[in-house]
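Notes for the structure review
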Amino acid sequence: METPRYQKTDKQSFFGEYLYDQIVPKDHFLRKLRELIDWDYFTHKMIKVYKGQGLVGRPPFEPAMLLKVEVIAYLYNLSERQVEVYVNENLPAKFFVGLAVDGKAPDHSTLTHFRERLLNKGKIKIFEEMLQEIVQEAMLRGVKFGSIQIIDSVHSIADVNTQKETKRQEKGKGPRDPDAKWGVKHKKTVQNEKGEDIEQKEYFFGYKAHVSMNAESGLITGLEITSGEAYDGHHFRPLVDHDLEQNLPVETYAGDRGYDDGDNHYHLELRGLHSAIRLKRNRTEKKDKNKEVWLALIESNQYKSGLKERYKIERKFGEAKQSHGLGRSRYVTKIRFTVQAYLTFIVLNLKRMVKLLTGSNFKARAYAWE
């Protein structure tokens, strides 16, 4: 069986590994991350979507190397152009990626082609498998997963100036991002001038990531991506089923009132799972004999324990937005935003794994861009 050929990027350097051993500390986050994951696995997985599969034509960069460059980009919230410069000028990053000290990073266009190649041949499935493989690797390495799983959604603003978009469409031009939609960001009850309670909504234009996270490990185990207007409750059951396929030790699912749908409660019951979906007020305030079921639920230990864990996913979303750029889409169209969402949560999982298994914390380095 023929072995794929790749561009030579290390070992040919005059310095070899000597300089890296002197410069990159043994406890550096990127050294730990390089050692923790079997990156060759991803090369074997992704080379299958390459034309010629590395056997004919010009040797490509190893897919795992390009994936690691993408990891650097999302760790430090850098664009493709910025990460090319960053890897060339930062020795720990160059060491992590697998370049010789005097080697050059793949240029930004190579990263764009890499991402498009994966989308065109493997679609989103390859990113789903990547996230799942990291979760399974964490389990094999002893990361403890608890019995409580949290489901919630996080919104991201489309890469669209909505004011300019209106003028654009008035001129008969098509939308910049045809997949993005208006959705509700927040709902709150306020009093009007008459002292009456009214519901006030804040809207956004973009996308949603529907996320399942294990409360104890802090690892993301599943994603579904939709446009902004999607009803959260419809994405609860697929995430539950995806978690169960991964043999997670889940007993209870927590969620906010947006998931308080009879079908979701019933879905958990059918699978022998407990519900900690926060109930809407009408469940317990209505004059109906059926409310006894809901009253019993809110008194259960599983319901109380699950709701106490919900804050953890909000904290994770804050990290994704503030540190890794998920607050705004990098690209247009749903499928490209989906890549961004998967890579963001893959990076968050890798950060968490390194922390749990080695004790090494990720520290963002300040970098000035002109």
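It should be noted that the structure appears before, not after, this text.
Small disclaimer: the values here were computed from a predicted structure and weren't measured.

**Section: the side chain of E137**
Here E137 lies in helix α8 (residues 125–140). For E137, the side chain forms a polar contact with the side chain of R141, separated by 2.7 Å. Those residues within four positions of E137 in sequence are excluded, and the remaining contacts are L36, I37 and M353.

**A look at the pattern of salt bridges**
This model, assessed by the stated rule, comprises 19 salt bridges. Residues R328 and D159 are paired through a salt bridge, measuring 3.7 Å at the closest nitrogen-oxygen approach. With a gap of 169 residues between them, R328 in the loop between α15 (311–324) and α16 (334–358) and D159 in the loop between β1 (148–157) and α9 (162–170) connect regions that are remote in the sequence. When the shortest N-O distance is used, the salt bridge between D260 and R283 registers 3.1 Å.

**Looking at helix α10 (residues 236–245)**
Among all positions of α10, only F236, L239, V240 and D243 are buried. Angularly, the buried residues of α10 cover 100° about the axis, an arc narrow enough to put them on a single face. In this structure, the buried side of α10 is in contact with β1, β3 (197–214), β4 (220–227), β5 (252–255), α11 (262–270) and β6 (274–277). Once α10 ends, the next one or two residues include N247, with phi positive near 60°.

**Observations concerning the environment of H324**
Position of H324 relative to the elements: it lies in helix α15. Remark: the alpha-carbon pair of H324 and Y74, spanning 250 residues in sequence, is separated by 5.8 Å. When residues no more than four places from it in sequence are discounted, the contact partners of H324 are Y74, L75, N77, E319, T344, V347, L348 and K351. Within polar-contact distance, the side chain of H324 engages the backbone oxygen of L75 at 3.3 Å.

**Some points on the nonpolar core**
Core analysis: the largest hydrophobic core is formed by 91 residues, its most contacted members being L33, W39, I72, L75, F127 and F345. Ignoring any residue separated from it by four or fewer positions in sequence, one finds L75 in contact with F29, L30, L33, S323, H324, V347, K351 and F362. By size, the runner-up hydrophobic cluster in this structure holds five residues, among which are L279, W294, Y303 and L307.

**Re the environment of Y50**
By the element assignment, Y50 lies in the loop between α3 (39–46) and α4 (63–75). The buried category is assigned to Y50, whose relative accessible area is 6%. In this structure the C-alpha to C-alpha distance between Y50 and E17, which are 33 residues apart in sequence, comes to 30 Å.

**Section: unusual backbone geometry**
Of note in this structure, N77 is not a glycine but carries a positive phi near 55°. With respect to the secondary-structure elements, N77 resides in the loop between α4 and α5 (80–89). A relative accessible area of 36% places N77 in the partly exposed class. Backbone geometry places T333, a non-glycine residue, at a positive phi of 85°. As for its placement among the helices and strands, T333 is situated in the loop between α15 and α16.

**Observations regarding the packing of aromatic side chains**
Under the counting rule described, the total for this entry stands at 11 aromatic pairs. Consider the rings of Y76 and F362, whose centres lie 5.3 Å apart with planes at 55°: the pair is tilted. You can see Y76 sitting in the loop between α4 and α5 and its partner F362 sitting in the segment after α16, a full 286 residues away along the chain. Each member of the pair, Y76 as well as F362, carries the same accessibility label: buried. A connected cluster of aromatic rings, assembled from ring pairs, spans F29, Y76, Y86 and F362. Above the face of the Y74 ring, R330 is positioned so that its terminal group lies 4.1 Å from the ring centre.

**Things to note about the side chain of E165**
With respect to the helices, strands and loops of the structure, E165 is situated in helix α9. The charged side chain of E165 is buried without a salt bridge, its nearest counter-charge being R168 at 4.2 Å. Apart from the residues lying within four places of it in its own chain, the contact partners of E165 are V160, P175 and R176.

Each value, and the rule that gives it
- Residues numbered from 1 in each chain as written.
- Predicted model: local features only at pLDDT ≥ 70, side-chain atom pairs only at ≥ 80, totals over all residues.
- Heavy atoms only, no water.
- Helix = DSSP H or I, 4+ residues; strand = E, 2+ residues; numbered from the N terminus.
- Polar contact = N/O pair within 3.5 Å; in protein donor to acceptor, adjacent residues only side chain to side chain.
- Contact = heavy atoms within 4.5 Å.
- Salt bridge = Lys/Arg side-chain N within 4 Å of Asp/Glu carboxyl O.
- Buried < 20%, exposed > 50% of the residue type's maximum accessible area, 1.4 Å probe, protein only.
- Arc of directions from axis to C-beta.
- Core = buried A, V, L, I, M, F, W, Y, C linked by side-chain atoms within 4.5 Å.
- Phe/Tyr/Trp six-rings, centres within 6.5 Å; stacked < 30°, edge-to-face > 60°.
- Lys NZ or Arg CZ within 6 Å of the ring centre and 35° of its normal.
- Lys, Arg positive; Asp, Glu negative; His and termini not counted.

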